[in-house]
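Tertiary structure, described
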Amino acid sequence: MVNRLIRIATWNVNSLRARVKRVVEWIQYASPDVLCLQETKMGDDMFLTLFAETFDSLGYESVHFGNGPLNGVAILSRVGLRRVNQFFSDGSFSPTSEASKVECRLVEAVTNSGVKVFSVYVPNGRSLDSEHYRAKLDWLANLRRYLDGTCKPDSPVVLCGDFNVAPFDIDVWDPAHFIGATHVSPPERDALAYLCDFGLVDVFRRLYHEEGLYSWWDYRGGAFHQHKGMRIDLMLATRPLADKASFGLIDRFARRGGKDNQPSDHAPVFIDFSEDVGL
């Protein structure tokens, strides 16, 4: 068997309309086999009209889930897409507040060789005393219940996206700066850990343990140039997939830019896997 590598990537683009040129350029030089996008900020009709043909011309099938100028997720694949599902198809999601209604935050599909890929955009949470924070915890809990009902830990599954949680203190530039804020609170980290207890591995951290590896930087205050960031863009894979991970990268180059070519506040993240896991 030829042990070819396959590259799976995730990127919160913070408006596909504003970043499509950057996305196309990145696809052309990074050459991902699967690319999960978050915060496309458009409806399905706009995606189909303006962008699906562009990605098709690059050799990618695409699926999108969005209904307006907020949120929105997509999967691009040159290794096939089938069994597409938008949100929790088994009805496991039970809203507890206005903030937790369906907001186009999850799309999933299966590659032609059987790997289930999720593109996930977890709610931000806003502040610890907000109903949006409670909805964030609910959303993560319901995602775990959905995995329990539809997936198996011994099958190839990968959740890619902006989880809006920095798993550990090593994943933020200064833990003291974030005391009392979202993204680092114990309930959020516990919710993420419970999700991973399904049988998911934080693949990037499995490969790299160094400090200073971030995927998001605030636009304000020169945070990017001062390297004041957070690692909140994650790839969580079941062990059959995680065990085949060989290389990963947070592409800081794609985060660079000026006023005339402003980047997303997130950098793309990719992981290379051996193909013999079923991809």
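Right above here is the structure, for reference.
Below or above, wherever it landed, is the structure these notes cover. (Residues numbered from 1 in each chain as written. Predicted model: local features only at pLDDT ≥ 70, side-chain atom pairs only at ≥ 80, totals over all residues. Heavy atoms only, no water.)

**Focus on helix 5 (residues 186-196)**
Note the cut-off: Throughout this description, buried means an accessible area under 20% of the type-specific maximum (1.4 Å probe, protein chains only), exposed means over 50%, and partly exposed covers the range between. Counting from the N terminus, the helices are DSSP H or I runs at least four residues long and the strands are E runs at least two residues long. Arc definition: it is the arc formed by the directions from the helix axis to the C-beta atoms. Contact criterion: two residues are considered in contact whenever any of their non-hydrogen atoms come within 4.5 Å of each other.
Regarding helix 5, the residues found buried are Glu-188, Arg-189, Ala-191, Leu-192, Leu-195 and Cys-196. Mapping the buried residues of helix 5 onto a view down its axis gives an arc of 155°, with all of them on the same face. Every exposed residue of helix 5 that faces more than 90 degrees away from the buried side is listed here: Pro-186 and Asp-190. Buried residues in helix 5 make contact with helix 4 (131-150), strand 8 (157-162), strand 9 (200-202) and strand 12 (233-238).

**Observations concerning the layout of surface pockets**
Applied cut-off: Here the term cavity refers to a set of points on a 1 Å grid, laid over the protein atoms alone, in which a 1.4 Å probe fits but cannot get out; the term pocket refers to an open set having protein on both sides within 12 Å along at least five of seven lines, with lining residues being those that place an atom within 4 Å of a point. Grid points are joined across faces, edges and corners, and a volume is the space filled by probe spheres set on the points. Classification used: nonpolar for Ala, Val, Leu, Ile, Met, Phe, Trp, Tyr, Cys and Pro, charged for Asp, Glu, Lys and Arg, polar for all others including Gly.
If you add up the space inside the largest pocket, you get close to 900 Å³. Lining the largest pocket are 33 residues; nearest its centre among them are Asn-124, Asn-164, His-183, Trp-216 and Asp-265. In the lining of the largest pocket, the residues fall into 11 nonpolar, 12 polar and 10 charged.

**Notes on the sheet that holds strand 3 (residues 61-65)**
Strand-to-strand pairing in sheets goes through backbone hydrogen bonds, with the strands running parallel or antiparallel. For the record, the criterion: By definition, two strands form a pair when at least two bridges between them are found by DSSP. Only C-alpha atoms enter the line fits that serve as axes; for helices the fit covers just the stretch in contact. Angles between N-to-C directions range over 0 to 180 degrees.
Spatially, six strands are ordered 3-4-2-1-14-13 in an open sheet, and the strand pairing comes out mixed. The sheet is open, and its two borders are formed by strand 3 and strand 13 (245-250), each paired with just one other strand. Taking each pair of neighbouring strands and ignoring which way they run, the sheet shows an average axis angle of 10°. Examined bridge by bridge, strand 3 and strand 4 (residues 73-77) share five bridges and lie antiparallel to one another. Residue Ser-62 lies in a different strand from strand 4, and its bridge partner there is Leu-76. Against the sheet, helix 1 (residues 16-30) engages strand 1 (5-12), strand 2 (34-38), strand 4 and strand 14 (269-274), with an angle of about 160° to strand 1.

**Some thoughts on the pattern of salt bridges**
Here is the rule: For this document, the term salt bridge refers to a Lys or Arg side-chain nitrogen within 4 Å of an Asp or Glu carboxyl oxygen.
A complete count under the given rule lists 13 salt bridges for this structure. Measuring nitrogen to oxygen at the nearest pair gives 3.0 Å for the salt bridge that ties Asp-169 to Arg-189. Placement of the pair is Asp-169 in the loop between strand 8 and helix 5 and Arg-189 in helix 5, with a sequence separation of 20 residues. Here Asp-169 falls in the partly exposed class, since its relative accessible area comes to 43%. Bridged by salt links that share partners, the residues Asp-171, Asp-202, Arg-205 and Arg-231 form one connected network.

**With respect to the environment of Val-203**
Looking at where Val-203 falls in the secondary structure, it is placed in helix 6 (residues 203-207). Here Val-203 falls in the buried class, since its relative accessible area comes to 0%. Here the alpha-carbon distance between Val-203 and Val-165, two residues 38 residues apart in the chain, equals 15 Å. Beyond its immediate stretch of four places on either side in the chain, Val-203 contacts Met-235, Ala-237, Ala-242, Ala-245, Ile-271 and Phe-273.

**Regarding the side chain of Ser-77**
As a reminder of what qualifies: Contacts described as polar in this section are N or O atom pairs within 3.5 Å, which, within protein, must combine one atom able to donate a hydrogen with one able to accept it, while residues neighboring in sequence count only if both atoms come from side chains.
Here Ser-77 is to be found in strand 4. A polar atom in the side chain of Ser-77 sits 3.0 Å from the backbone nitrogen of Val-79. For Ser-77, the contacting residues outside a window of four places in its chain are Asp-33, Val-34, Gly-59, Tyr-60 and Glu-61.

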